[in-house]
Amino acid sequence: MNILIIGQGGREHTLAWKLKQSKKVDHIYCAPGNAGTLEAAENFDIQVDDFEKIGFLVQEKNIDLTVVGPEAPLVSGIVDYFKENGLVNQGHQIFGPEKSAAIIEGSKVFAKQLMKKYNIPTAEGESFKEVNKAMEYIELNDWRSHHLVIKADGLAAGKGVIICHNIEEMREAIQKIMVDKEFGSAGEKVVIEEKLEGEEASILALTDGKTIKLLASSQDHKAIFNGDKGPNTGGMGAYAPACIITPKMEKQIYKEILLPTIQGLSSEKIFYQGCLYAGLMITQEGPKVLEFNCRFGDPETQAVLTLLQNDLVDLLMACLSGRLDKEEIKNKTGAACCVVMVSKGYPGKYEKGKEIFGLDKIKGMKNIQVFHAGTKKENGKIITSGGRVLGVTAYAHNIKEAIFKAYQGVDKIKWSGEYHRKDIGRRALKNK
Ligand SMILES: Nc1ncnc2c1ncn2[C@@H]1O[C@H](COP(=O)(O)OP(=O)(O)OP(=O)(O)O)[C@@H](O)[C@H]1O
Ligand SMILES: [Mg+2]
């Protein structure tokens, strides 16, 4: 089998690494990839939204399966492009939801309305497309004593969510999103919802549109600073499994959230095939949905696929052929932890082009993998080329050891202006 992975982050390097382990795989290609994906694949300098060039590549390289990493190409219809242009009929399969299904991430208003209609537990809230109605809603309702979360409807690269602690912040958030259009057309509509209290966790599930199989639970760390302080990022680290998610709660999440979501979508004549990622808040009343994403999470994937024992090709192909019910997810016992190393200044302004030292020192270490994100190879050197640069991921028999081992790896890697949180996995240690 020849496989093409679309994207250039840590998630995509992890997918390449995991798929490379399959005996069914001949060649792996990445578009555009990064310096790390070169270890498992051949990179092609094609952007994720250039569907035409991607189409030519899958025909030229006789690609059997394309796996789409990031949400943007899915939300703008890359799967539909493959189907409408006969690529799938020619045998070039593609893993991920069609545009009509990817909207579960592409529109937070759509997701909220779906959850309300099918009684899927989520934060109380409303959606608005008119500024004055949104302003009225915050003024009239006794939100003064509550905290509110205001979300831009469309994709905003993880930056479109504002947690408001008073009425001034609520007014500013609506002004910023809907009037100043700081997130562009993503701000044409907003979701205004109550702020939930609890602990966050992520569930990545695979589905063929009927059957749903849960991968290991995980917990991301969104904020840039230790103790979950500072602005949100794309994710500063993750570990799996998430201790807060017990086997009993996993069953509850399947029954109360994932199954009604997939069935709700099909009642709306929307067929969801791919990875469904539920971002959850584990509240006193139980798990509630913060959001859905229509793709593998980053950095959750680094930890989750480190635990997965199945051949990932089998699982992805079972999703596409509707035979997922024949597969059983098998995870290693023990735990995995991924610590993300970033360029100082991220998620704000940061410098690129810094030479990375110490990657060779990791090579010899057992059960530790460095998944590249913003890196590129130049004159034989690996240099930084993004905000999130590396995801140092370790496996061990328990979470304490996995965290310790990941930081042992982090300590060996250096570049000028490197930054990482020191407390990835702290909640797991607290729950121990
Ligand atoms: N109702 C809520 N109550 C409390 N915190 C919330 C709520 N909604 C969102 N958050 C916080 O904001 C973060 C981002 O929100 P959300 O996941 O909806 O947006 P996103 O931008 O799509 O994120 P991602 O980049 O992970 O897809 C959440 O991880 C959580 O920390
Ligand atoms: Mg999201």
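Located above this text is the structure these notes cover.
Here the structure is a predicted model, which is why all the values come from computation and not from measurement.

Focus: the packing of helix α5 (residues 99-106) against helix α6 (residues 108-117)
Here is step 1: It is at 6 Å that the axes of α5 and α6 come closest, and there the two elements cross at 95°. It follows from the interaxial angle that α5 and α6 lie roughly perpendicular. In this structure, α5 uses I103, I104, E105 and G106 to contact α6, whose residues at the interface are K108, F110, A111 and L114.
Here is step 2: Grouping the amino acids of the contact of α5 with α6 by side-chain chemistry returns 5 nonpolar, 1 polar and 2 charged.

What to know about the sheet that holds strand β16 (residues 274-283)
Here is step 1: Taken in spatial order, the 4 strands of this open sheet run β11-β10-β16-β17, and their pairing is antiparallel. Here the strands that pair on one side only, and so sit at the sheet edges, are β11 (212-214) and β17 (286-293). Ignoring strand direction, the axes of neighbouring strands in this sheet form an average angle of 35°.
Here is step 2: Here 9 bridges tie strand β10 (residues 199-207) to β16, and the two strands are oriented antiparallel to one another. Looking at β16, one finds that A205 is bridged to L276.

Here's the deal with the site of ligand 1
Here is step 1: Within the structure, ligand 1 sits among 19 residues, and E193, L196, E200, K222 and E291 are positioned closest to it.
Here is step 2: Within the backbone of E194, one N or O atom sits 3.0 Å away from a nitrogen atom of ligand 1.
Here is step 3: Interatomic distance of 2.8 Å between a backbone N/O atom of L196 and a nitrogen atom of ligand 1.
Here is step 4: Here ligand 1, which alone exposes 610 Å², has 90% of that area covered by the protein.
Here is step 5: For the shell around ligand 1, the secondary structure elements donating two or more residues are β7 (148-152), β8 (161-164), β9 (190-194) and β17.
Here is step 6: When residues in the shell around ligand 1 are grouped by element, the largest group, 3 residues, is from β17.
Here is step 7: For the shell around ligand 1, a count of residues per class yields 7 nonpolar, 3 polar and 9 charged.
Here is step 8: When residues of the shell around ligand 1 are assigned to domains, at least three map to each of domain 2 (130-188) and domain 3 (199-431).

Here's the deal with the nonpolar core
Here is step 1: Judged by nonpolar contacts, the single largest core of 49 residues is most densely connected at L4, I78, I104 and L258.
Here is step 2: Residues from two domains meet in this core; each of domain 1 (2-98) and domain 3 (199-431) gives at least three.
Here is step 3: Among all residues touching L4, those that are not within four sequence positions of it are Y29, C30, A31, I54, L57, V58, I63, L65, T66 and V67.
Here is step 4: The next biggest cluster of nonpolar side chains, apart from the first, holds 37 residues, and it includes L15, C30, A40 and Y395.

Quick notes on the environment of E300
Here is step 1: With respect to the helices and strands, E300 occurs in helix α10 (residues 300-307).
Here is step 2: When the C-alpha atoms of E300 and G274 are compared, they prove to be 16 Å apart, with 26 residues separating the residues in sequence.
Here is step 3: For E300, the residues in contact, after removing those within four places along its chain, are S202, L204, S218, D220, A238 and Y277.

Let's talk about the sheet that holds β9
Each strand in a sheet pairs with another by means of backbone hydrogen bonds, the pair being arranged parallel or else antiparallel.
Here is step 1: Taking strand neighbours across the sheet as the criterion, the 4 strands line up as β6-β9-β7-β8 in an open arrangement whose pairing is antiparallel. Across the chains shown, the open sheet's two edge strands, defined by having one partner strand only, are β6 (125-128) and β8. The sheet shows a mean angle of 15° between the axes of neighbouring strands, taken without regard to direction.
Here is step 2: Pairing between β7 and β9: 5 bridges, direction antiparallel. In the sheet register, L148 faces β9, and the bridge partner there is E194.

Overview of α6
Here is step 1: Most of α6 is tucked away: 7 of the 10 residues are buried.
Here is step 2: Taken together, the buried positions of α6 are occupied by K108, V109, F110, A111, K112, L114 and M115.
Here is step 3: Positive phi appears at N119, one or two residues downstream of α6, with a value of about 50°.

Looking at the state of the cysteines
Here is step 1: Enumeration over the complete set of coordinates arrives at 0 disulfides.
Here is step 2: In this structure C275 is a free cysteine whose sulfur lies 8.6 Å from that of C319, the closest cysteine sulfur available.
Here is step 3: With a relative accessible area of 1%, C275 lands in the buried category.
Here is step 4: Free of any disulfide, C338 has its nearest cysteine sulfur in C337, 7.1 Å distant.
Here is step 5: Take C338: its relative accessible area is 0%, and that puts it in the buried class.

So, how was this worked out
- Residues numbered from 1 in each chain as written.
- Chains lettered and ligands numbered in written order.
- Predicted model: local features only at pLDDT ≥ 70, side-chain atom pairs only at ≥ 80, totals over all residues.
- Heavy atoms only, no water.
- Axes fitted to C-alpha atoms, helices over the stretch in contact; angles between N-to-C directions.
- Helix = DSSP H or I, 4+ residues; strand = E, 2+ residues; numbered from the N terminus.
- Parallel < 35°, antiparallel > 145°, perpendicular 65-115°, else oblique.
- Contact = heavy atoms within 4.5 Å.
- Nonpolar A, V, L, I, M, F, W, Y, C, P; charged D, E, K, R; others polar.
- Pairing = 2+ DSSP bridges.
- Near = heavy atom within 4 Å.
- Polar contact = N/O pair within 3.5 Å; in protein donor to acceptor, adjacent residues only side chain to side chain.
- Areas by Shrake-Rupley, 256 points an atom, 1.4 Å probe, with all protein chains shown as cover.
- Domains from an automatic or database assignment.
- Core = buried A, V, L, I, M, F, W, Y, C linked by side-chain atoms within 4.5 Å.
- Buried < 20%, exposed > 50% of the residue type's maximum accessible area, 1.4 Å probe, protein only.
- Disulfide = S-S within 2.5 Å.

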